[in-house]
Amino acid sequence: MTPTAIQQANARVASLLSAGNLAQAEAECRSILQAAPQDAAAHIYLGMIATRVGKHETAIELIRRGISLGRASAEDYFNLSQPLMALGRSVQAEAALREAVRLKPDFVPAMMNLGAVLAQQGKLPEAESAFREAIRLRPDDAALYVNLGRVCRWQQRIDEAIECYGRAIAINPAFEGAHSALGSGLREAGRISEAVAAFRKAVELRPDFRVAHSNLIYAMHFDPLTDPAENFAEHLRWAAKFAEPLRGTIAPHSNDRNPSRRLRIAYVSPDFTNHVIGFFMEPILERHDCANFEVYCYSDAAAPDETTARLQRHANVWRQTAGASDEQLAQLIHQDRIDILIDLTLHMRGSRLAMFARKPAPVQITHLAYCATSGISAMDWCITDPQMSPPGLHEQWFTEKLLRLKESYWCYRAPPASPPVGPLPAERSGYITFGSLNSFAKVNPQVIALGASVLQAVPNSRLMVHAPMGDANAAARKMFTDAGIDPNRLTLIGRQQREQYLEQYNQIDIALDSFPYGGGTTSIDALWMGVPLITLAGKTALSRTGVTLLSNLDLREWVGETPEQYVEIATSVASDISRLAQLRGTVRQRLQDSPLMNEQAYVRNLEAAYRYAWREWLRSEPSPLYSGERAG
């Protein structure tokens with residue numbers, strides 16, 4: 001080929017790529033490289049094709065080769081960033097995008113992606129600057145406002161985030177992504193009913209918007225106006241759209257059917273990081289019996305950290321899977337011949353339920369994300385415990401069979417930098433301080449009304465609540481004052497680093513649990529800091545988290561069966577300062593002595609549950625029936 005012919009051929013490749021004709025484009029590139037093996041453009045075009053078909057490693061190699069051969073435009077560096085981002089290599093993607101912006105300062109797509117990779121790395125002020133500069137260059141781009149809003153939300157400026165999402169919707173009212181993002185902001189602002197409506201709007205605008213539909217399902221768990229039957233029906237609608245059509249992709253499982261052999265178990269999560277899932281998984285991975293279980297972890301963590309490194313040391317096999325499609329991940333798991341696959345996410349951020357719907361392992365279990373159904377028929381079991389899920393209470397709201405651990409759903413490992421339990425705050429202040437440091441998404445009007453009843457029943461008492469800051473804080477404060485709570489009796493605090501957050505419990509005398517979505521980590525943290533927990537027993541597993549915690553501490557007297565009893569218990573506990581001070585000095589030790597912190601026993605119980613599920617599959621495959629027995 002002459003140089004002119006090569007140039008014309010590359011122009012044809014660009015046209016074919018633009019039209020989405022990847023096969024012809026690839027064939028044209030290979031013809032070019034046969035004639036001119038050092039042609040930079042053909043290498044880069046092949047890399048772009050590889051990116052589009054998910055061959056990201058190949059794409060990186062090809063595009064880098066093209067750049068090294070002398071083609072190094074802003075667009076080339078932008079194209080290099082795409083597969084790097086897909087593989088979660090945010091630092092390398094950042095370098096490529098910075099070079100793209102350096103070469104072309106008004107390159108808005110590169111600036112937008114630069115903001116995204118900076119946000120992945122936690123460089124939120126830098127990400128915000130990138131998005132603001134992109135908006136300056138392109139002020140009518142709704143997607144830029146959504147991205148800026150997310151960065152504001154992650155910096156706890158919920159009011160600014162909601163404003164950004166509103167501007168995006170004003171620019172493009174049919175932008176489903178903006179409605180879904182708005183739902184996330186409203187949920188964090190405690191405006192749950194509005195959040196549910198925003199997610200519904202996103203799904204209405206784009207019925208195949210899987211993430212928004214998952215967001216809707218998750219938000220419904222927080223909404224006291226949502227009936228469990230309605231919530232369950234929404235799970236089934238999600239499954240009918242996104243999971244059940246994949247049943248035809250399920251391959252036969254040829255795993256060795258020996259009931260007693262060493263099992264290959266695997267955990268799937270985007271949160272093997274400095275995250276509550278990472279915290280709860282550390283003792284599990286550390287204490288697994290590797291003689292009987294070979295442990296795999298499939299990590300979708302986009303920005304691995306020091307927690308990731310610790311967790312990785314405890315796995316027999318660690319696979320970094322960020323950027324892999326659901327189909328690719330399912331194929332990998334099937335090739336790894338996993339016996340039991342455990343989901344740690346459900347419908348939260350980074351959900352892989354569409355991968356679980358492909359059933360790459362014969363036994364599939366969900367655990368730790370939150371105790372509720374996945375809604376999909378390919379998920380076999382949901383781990384719970386006898387207090388969170390008493391037999392017969394709510395099986396009808398699960399597509400899974402319930403696998404009850406002997407004592408507790410959780411095993412708690414105290415934070416290494418825990419502050420000591422301080423003296424009872426009421427002894428120095430002269431009044432009782434109630435508190436809830438749960439996510440504000442759990443603080444709905446019914447929770448606020450019950451909190452107001454507690455304050456009315458305990459004269460001169462105060463209430464401390466974790467809430468968003470800024471204008472959203474003013475809106476949150478109004479929710480309490482509208483319920484009749486004197487603003488002088490209310491303290492709202494923002495998000496803090498974990499050590500400072502734990503220290504905040506030394507200003508709280510009694511913790512008040514939320515409902516219908518009860519506290520999990522925050523409730524155990526409160527108990528660790530010596531703070532009694534008053535909880536309301538509900539009819540769903542998520543509304544009974546406090547029941548299982550207090551039952552394991554032999555403190556069932558702090559569980560209210562009705563709102564009235566909840567107020568009575570809080571009033572009774574608050575009325576005896578000397579008893580309250582004595583309790584404060586003993587609750588941490590009680591927690592340490594309980595099943596909630598017995599790591600060895602917990603992991604053995606968990607492994608017994610896995611073995612039980614495995615034997616049930618062997619006995620009942622392909623469709624084991626729920627026996628009603630308790631695992632372990």
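Quick caveat: nothing in here was measured; it's all calculated off a predicted structure.

### Structural notes on the overall build of the chain
Next, step 1: Looking only at helices and strands, one finds 28 helices and 13 strands in the chain.
Next, step 2: For 632 residues, the compact-globule formula gives about 26 Å, and the C-alpha radius of gyration of the chain, at 27 Å, lands near that figure.
Next, step 3: With the C-alpha coordinates of the chain rotated into their principal frame, the extents come out at 95 × 60 × 40 Å.
Next, step 4: Residue burial in the chain is summarised as follows: out of 632 residues, 58% are buried.
Next, step 5: Restricting to contacts in the chain with at least 6 residues of sequence separation, those with at least 24 account for 67%.
Next, step 6: Both charge centroids of the chain, one from 65 positive and one from 68 negative side chains, sit 3 Å from each other.

### Brief notes about the packing of helix α3 (residues 40-52) against helix α4 (residues 56-68)
Next, step 1: It is the contact of α3 with α4, at a shortest axis distance of 7 Å, that shows an interaxial angle of 160°. It follows from the interaxial angle that α3 and α4 lie roughly antiparallel. Handedness of the crossing formed by α3 with α4: left-handed. Residues A40, H43, I44, L46, G47, M48, A50 and T51 of α3 lie in contact with α4, whose contacting residues are H56, T58, A59, L62, I63, R65, G66 and I67.
Next, step 2: Broken down by class, the residue content of the contact of α3 with α4 amounts to nine nonpolar, six polar and one charged.

### Observations concerning the packing of aromatic side chains
Next, step 1: Under the criterion given, the structure shown has 16 aromatic pairs.
Next, step 2: Between W381 and Y612, the aromatic rings sit 5.9 Å apart at their centres with planes inclined by 65°, giving edge-to-face as the arrangement. One end of the pair, W381, is in strand β6 (residues 381-384); the other, Y612, is in helix α28 (residues 599-620), with 231 residues separating them in the sequence.
Next, step 3: Every member of this aromatic cluster is reached through a ring pair, and the members are Y218, F222, Y370 and Y517.
Next, step 4: Above the plane of the ring of W617 lies R257, whose end atom (NZ or CZ) is 5.0 Å from the centre.
Next, step 5: Cation over ring: R588 sits above W528, and NZ or CZ is 4.0 Å from the ring centre.

### Focus: the environment of K401
Next, step 1: Inspection of the secondary structure assignment puts K401 in strand β7 (residues 401-404).
Next, step 2: Along the backbone, K401 and R352 are 49 residues apart, and their C-alpha atoms lie at a distance of 20 Å.

### Some remarks on the sheet that holds β6
Next, step 1: With parallel pairing, seven strands are arranged side by side in an open sheet as β3-β2-β1-β4-β5-β6-β7. Pairing within the sheet leaves two strands with one partner each, and these edge strands are β3 (317-320) and β7. Taken over all neighbouring pairs, the strand axes of this sheet differ in orientation by 25° on average, direction set aside.

### Concerning the state of the cysteines
Think of a disulfide as a covalent bridge from one cysteine sulfur atom to another cysteine sulfur atom.
Next, step 1: By the definition in use, this model includes zero disulfides.
Next, step 2: You can see C290 has no disulfide; the closest cysteine sulfur is in C297, sitting 11 Å from it.
Next, step 3: Judged by relative accessible area, C290 falls into the partly exposed class, the value being 31%.

### A short note on the side chain of S594
Next, step 1: Take S594: it is sitting in the loop between α27 (587-592) and α28.
Next, step 2: Excluding its chain neighbours within four sequence positions, the residues that come into contact with S594 are N552 and L553.

### Topic: the pattern of salt bridges
When their charged atoms lie close together, side chains carrying opposite charge are able to pair.
Next, step 1: Overall, the coordinates contain 43 salt bridges when judged by the stated rule.
Next, step 2: R261 is paired through a salt bridge with D256; the nearest N and O atoms lie 3.8 Å apart.
Next, step 3: Judged by relative accessible area, R261 falls into the buried class, the value being 16%.
Next, step 4: Its salt-bridge partner being E395, residue R404 comes within 2.7 Å of it at the nearest N-O pair. Accessibility classification places R404 together with E395 in one group, the buried group.

### A look at helix α6 (residues 90-103)
Next, step 1: Taking 1.5 Å of rise per residue, 14 residues should cover 20 Å, and α6 covers 20 Å from first to last C-alpha, within 8% of that figure.
Next, step 2: All of the buried residues along α6 are S90, A93, E94, A96, L97, A100 and V101.

### What about the nonpolar core?
Next, step 1: Of all hydrophobic cores here, the largest spans 106 residues; its most connected members are Y267, M281, I365, F434, F480, W558 and Y610.
Next, step 2: A total of ten residues in this core trace back to one element, the largest contributor, which is α28.
Next, step 3: Residues contacting F480, with those up to four places away along its chain left out, are F440, V443, I448, L463, V465, I485, L490 and L492.

Conventions and cut-offs
- Residues numbered from 1 in each chain as written.
- Predicted model: local features only at pLDDT ≥ 70, side-chain atom pairs only at ≥ 80, totals over all residues.
- Heavy atoms only, no water.
- Helix = DSSP H or I, 4+ residues; strand = E, 2+ residues; numbered from the N terminus.
- Rg over C-alpha atoms; globule rule 2.2 N^0.38 Å.
- Buried < 20%, exposed > 50% of the residue type's maximum accessible area, 1.4 Å probe, protein only.
- Contact = heavy atoms within 4.5 Å.
- Lys, Arg positive; Asp, Glu negative; His and termini not counted.
- Charge placed at Lys NZ, Arg CZ, Asp CG, Glu CD.
- Axes fitted to C-alpha atoms, helices over the stretch in contact; angles between N-to-C directions.
- Parallel < 35°, antiparallel > 145°, perpendicular 65-115°, else oblique.
- Left-handed = near helix turned anticlockwise from the far one by under 90°.
- Nonpolar A, V, L, I, M, F, W, Y, C, P; charged D, E, K, R; others polar.
- Phe/Tyr/Trp six-rings, centres within 6.5 Å; stacked < 30°, edge-to-face > 60°.
- Lys NZ or Arg CZ within 6 Å of the ring centre and 35° of its normal.
- Pairing = 2+ DSSP bridges.
- Disulfide = S-S within 2.5 Å.
- Salt bridge = Lys/Arg side-chain N within 4 Å of Asp/Glu carboxyl O.
- Expected span 1.5 Å × (residues − 1).
- Core = buried A, V, L, I, M, F, W, Y, C linked by side-chain atoms within 4.5 Å.

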